[in-house]
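Examination of the molecular architecture
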Amino acid sequence: MANNHSHMSGINSHIEMGSLDGRSVMELEDESLVSPRPMDRKTSSLDVVPHRSFFNVGTEEFGCKYILNSTLNSIKIVLFSSKLNLLASCGPLAIVVDKLTNHHGWVFFLSLLGIIPLAERLGWATEQLAFYTGPTVGGLLNATFGNATELIISMHAMKSGMLRVIQQSLLGSILSNMLLVLGCAFFSGGIVHCSKEQVFNKASAVMNSGLLLMAVMGLLFPAVLHFTHTELHFGKSELLLSRFSSCIMLIAYGAYLFFQLTNEKNLYTPINEEETPMDGSSDDDEPPEISKWESITWLFILTSLISVLSEYLVNAIEGASVAMNIPVAFISVILLPIVGNAAEHAGAIMFAVKDKLDISLGVAIGSSTQIAMFGIPFCVVVGWIMGRPMDLNFQLFETATLFMTVLVVAFMLQEGTSNYFKGLMLLLCYLIVAASFFVHIDPKSIQDKPKTNS
């Protein structure tokens, strides 16, 4: 009997130690590594495993099994939850074609298709991270990582000395966000909700329009200074003015971020927020699909993959222009931004259809504002550091296009309402811009060709 009693106490102490060890293992792991509660089918299957694992196998094996299961589950969600990921195979194919052949047109086309799913997944991973950060930081994260593709392409072009590709791709990204992305959002939202006018936060739209006009001012003066031949020091004043204006624009954007993060009235909060608890079954009940640290890990992985493909894309631009008989300006201003804005495009349309137009506006106009007030000046400062003469003189044709686009969009946003006709007008404006760049020969790139060849 004493032996049985000691035997039972040994088992009890073993179980107690196992449970204590299990609790310590689970406490050491970050809370965010555990998938949120709404994913019942995943957590319920895991809930049964710990007791058997602690008793039979031990805490270390359970920890390894748990990490392995969560990693495999994360890979499954990221890679197989979107049909667009079928295009991801085009990325490795582009690298193989580049290594084995000299068909720059195919390398460019395959790289372009390969970046599309990566950009979409990058935007998705940012949205997952935004679940854990709140609306303000989440909105800024969406805008920042939404523009990561364009900035990565710009850095590779900077390294190759293709300054006009940088200028035109960043300009094209602003035009694409303001006309194509916002136009599609207004049009699709207006068609779905045709019985009423959709409304959005007018104050936020006006503030972003003001920042975009400030960016136009920063781009306009160096171009006017150059084409009127009124520089104090010919060839130097324009570059110095561009660098000074870029620093001012970066300070203004930093102040804008500080204002957003500290202001009590959050610009990313929808104006009809008070209505969401009543019909709260729409979007707020959707849980994040992966944890915080998994989101951060995937952001780094996807950014690295986009960086690798962007290098092949940039190197194939000029060869693709010759092979496909398409101007480099059209490729830079129209084709590259459409790929880079894939995540914003899908997100803006989805939120507009759900009658969350403020979020669509934050994605489209917020992204344009960030490129104009941060992306372009940042590239000028990086070029300054690298010894590249990157400036804000985008030439008269491009600057005039941007000026007219900002004016058109500002007039569309001034009422604080949206309908499908406004969206249609923005889309038609984008078609005019695309056709203009298809027949436009960039004089600066022609002048720069002998320099790059020599």
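Residues numbered from 1 in each chain as written. Predicted model: local features only at pLDDT ≥ 70, side-chain atom pairs only at ≥ 80, totals over all residues. Heavy atoms only, no water.

Looking at the secondary structure, you find S295 in helix α11 (residues 292–315). Here S295 falls in the buried class, since its relative accessible area comes to 0%. Here the side chain of S295 touches S291 through a polar contact of 2.8 Å, landing on its backbone oxygen. Every residue in contact with S295, bar those within four places of it in the chain, is listed here: A125, Q128, L129 and I290. (Helix = DSSP H or I, 4+ residues; strand = E, 2+ residues; numbered from the N terminus. Buried < 20%, exposed > 50% of the residue type's maximum accessible area, 1.4 Å probe, protein only. Polar contact = N/O pair within 3.5 Å; in protein donor to acceptor, adjacent residues only side chain to side chain. Contact = heavy atoms within 4.5 Å.)

The next thing to look at is helix α17 (residues 420–438). An ideal rise of 1.5 Å per residue puts 27 Å on 19 residues; α17 measures up with 27 Å between its terminal C-alpha atoms. In this structure, the buried residues of α17 make contact with α8 (163–192), α13 (328–340), α16 (396–413) and β2 (417–418). Taking the backbone nitrogen of F421 as reference, a side-chain oxygen 3.1 Å away marks N419 as the first, capping residue of α17. (Expected span 1.5 Å × (residues − 1).)

All right, on to α8 then. Here α8 spans 42 Å end to end across 30 residues, near enough to the 44 Å set by a 1.5 Å rise per residue. Of all 30 residues in α8, 27 are buried; the element is thus mostly enclosed.

Turning to a nonpolar patch on the surface, a few remarks are in order. A cluster of nonpolar residues, I191, Y420, F421, L424, L428 and L431, forms a patch on the protein surface that exposes about 570 Å² of accessible area. Among the elements that line the nonpolar patch, the one with the most residues is α17, at five residues. The residue L431 is located in helix α17 in this model. Judged by relative accessible area, which is 54%, L431 ranks as exposed. (Patch = residues over 30% accessible without salt bridge, like charges linked within 9 Å, V, L, I, M, F, W, Y side chains within 5 Å. Areas by Shrake-Rupley, 256 points an atom, 1.4 Å probe, with all protein chains shown as cover. Salt bridge = Lys/Arg side-chain N within 4 Å of Asp/Glu carboxyl O.)

In this section: the packing of α8 against helix α15 (residues 357–386). Two numbers describe how α8 lies on α15: the axes approach to 10 Å, and their chain directions differ by 170°. Taken together, the axes of α8 and α15 are roughly antiparallel relative to one another. Contact residues: α8 offers I166, L170, S173, I174, N177, M178, V181, L182, A185 and F186, while α15 offers L357, S360, L361, A364, I365, S367, S368, I371, A372, G375, I376 and C379. When grouped by side-chain class, the residues that make up the contact of α8 with α15 number 16 nonpolar, six polar and no charged. (Axes fitted to C-alpha atoms, helices over the stretch in contact; angles between N-to-C directions. Parallel < 35°, antiparallel > 145°, perpendicular 65-115°, else oblique. Nonpolar A, V, L, I, M, F, W, Y, C, P; charged D, E, K, R; others polar.)

Mapping N208 onto the fold places it in helix α9 (residues 202–227). Polar contacts involving the side chain of N208 include one to the main-chain carbonyl oxygen of S204, which spans 2.9 Å. Only 3.0 Å separates the side chain of N208 from the side chain of T369, close enough to count as a polar contact. With near-sequence residues (within four places) excluded, N208 lies in contact with Y256, I365, G366 and T369.

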